[in-house]
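Per-entry structural report
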Amino acid sequence: MDNYIILQHYWWLLVSLLGGLLVMLLFVQGGQSLLFTLGKTEVERKILLNSTGRKWEFTFTTLVTFGGAFFASFPLFYSTSFGGAYWVWLLVLFCFVIQAVSYEFNAKKGNLLGMKTYRIFLLLNGILAPVLIGAAVGTFYNGAEFVVNKTQLTDMSMPVISSWTTSWHGLEAVWGSMHGFHLWNVCLGLAIFFLARVLGLLYFVNNIGETSITTRARKRILPETALFLVFFLAFLVWVLVKDGFAVDANGVVFMQPFKYFNNLIEMPAVLAVLLVGVVAVLFGIGKTVFVQTFKKGIWFAGAGTVLTVLALLLTAGWNNTAYYPSLADLQSSLTISNSCSSIFTLKTMTYVSFVIPIVLVYIFFAWRSLDLRKITKEEIETDTHAY
């Protein structure tokens, strides 16, 4: 395996890791979607808002970093998906914009729209963002409606490599290529939505010092987990038994039965990561539910989420697999080899990536400083800078 191929696999690994971190950090969105469910009084709702409000920047920053890493390492995917499926990505961006605005103006006196309106915006962000991101990721397994023609760069009237073949421009990830409901993309979106709610509940148990809230949170974990497992297991089983988008030695894309199942069998390390991730998620949930004094479930379930998503994304891109299949033209499907940057760019970015551990250490200490004390009613009532 030459250096260029190693760099391609390395950068797909980093992008997949960022994707796992993003899904884990969606606990902020999950917590927002529970604002009116767990918060029975105004003070309790303020506690919930301040619990998630002190972390929302981490999620937004990770989303931007995820997109930036994709742009730098696999620019053809970025131009194809972000340039063609722009409606779904604009909706995701809109969700995060109204989230930032809502946290900024929610508690300000005399705000234009009123406190309740901004809280409804946060609720919408908590529901729509995970579902839309999940549906978009679902196209990695189900494909999208695009055509790639690199020779079109010489056409001065329209030098565009990729073009979308439907007028839906990304919304077909939810509604389907033939204007019908796209079950499996939505299934993954709902799985991520309910996972975000579970992680949000676990985070509240760990972060909030009010028994009334944490008791309600513990009671909601099991039903939310049941819904998550229904959608996640349905999607996982379907992926493992479906035909996948394989690539032969000449770069020709073809349909292969049980492709993603075979990927896990042929990459035992990835399979091990997936199993460890699933076990960690279930352990964090189970111990929080059945041991009333246990409050660290978010760390086990969060780490397990990162590992599980990492393994699934590696399964979609490694082992000669087209990670962004084209339904309009099978040979336009994107792989890590035909969509990546030049070897010079990948090498340069690899040196930059070595500072990632330093950034992670900074995030750890910043997170720890924010969570030194549990959030209580007394703190919210006396804090003049509370959301």
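Residues numbered from 1 in each chain as written. Predicted model: local features only at pLDDT ≥ 70, side-chain atom pairs only at ≥ 80, totals over all residues. Heavy atoms only, no water.

Glancing now at the environment of G317. Residue placement: G317 occurs in helix α14 (residues 297-317). Owing to a relative accessible area of 3%, G317 belongs among the buried residues under this scheme. Taking the C-alpha atoms as reference, G317 lies 6.9 Å from T335; in sequence the two are 18 residues apart. Beyond its immediate chain neighbours, meaning those up to four positions away, G317 contacts W12, Y323 and I336. (Helix = DSSP H or I, 4+ residues; strand = E, 2+ residues; numbered from the N terminus. Buried < 20%, exposed > 50% of the residue type's maximum accessible area, 1.4 Å probe, protein only. Contact = heavy atoms within 4.5 Å.)

Counting 107 residues, the largest nonpolar core has W12, F70, F74, Y323 and Y324 as its most contacted members. If you tally residues by element for this core, the top one is helix α10 (residues 183-207), at 15 residues. What F74 contacts, discounting residues up to four positions off in sequence, is Q8, W11, W12, V15, A69, Y323, I336, S339, C340 and S341. (Core = buried A, V, L, I, M, F, W, Y, C linked by side-chain atoms within 4.5 Å.)

In low-pLDDT regions, the fine details of the predicted coordinates are not to be read closely. Of the residues in the protein chain, 93% reach a pLDDT of 70 or more, and the chain-wide mean stands at 88. Contacts of residues 177-181 to residues separated by more than four positions or lying in other chains number eight contacts, the stretch itself having pLDDT below 50. (pLDDT = per-residue confidence, 0-100.)

A full pass over the atoms with the stated rule returns five salt bridges. With a closest N to O distance of 2.9 Å, E224 and R197 form a salt bridge. You can see E224 sitting in helix α11 (residues 211-241) and its partner R197 sitting in helix α10, a full 27 residues away along the chain. Both residues of the pair, E224 and R197, count as buried. (Salt bridge = Lys/Arg side-chain N within 4 Å of Asp/Glu carboxyl O.)

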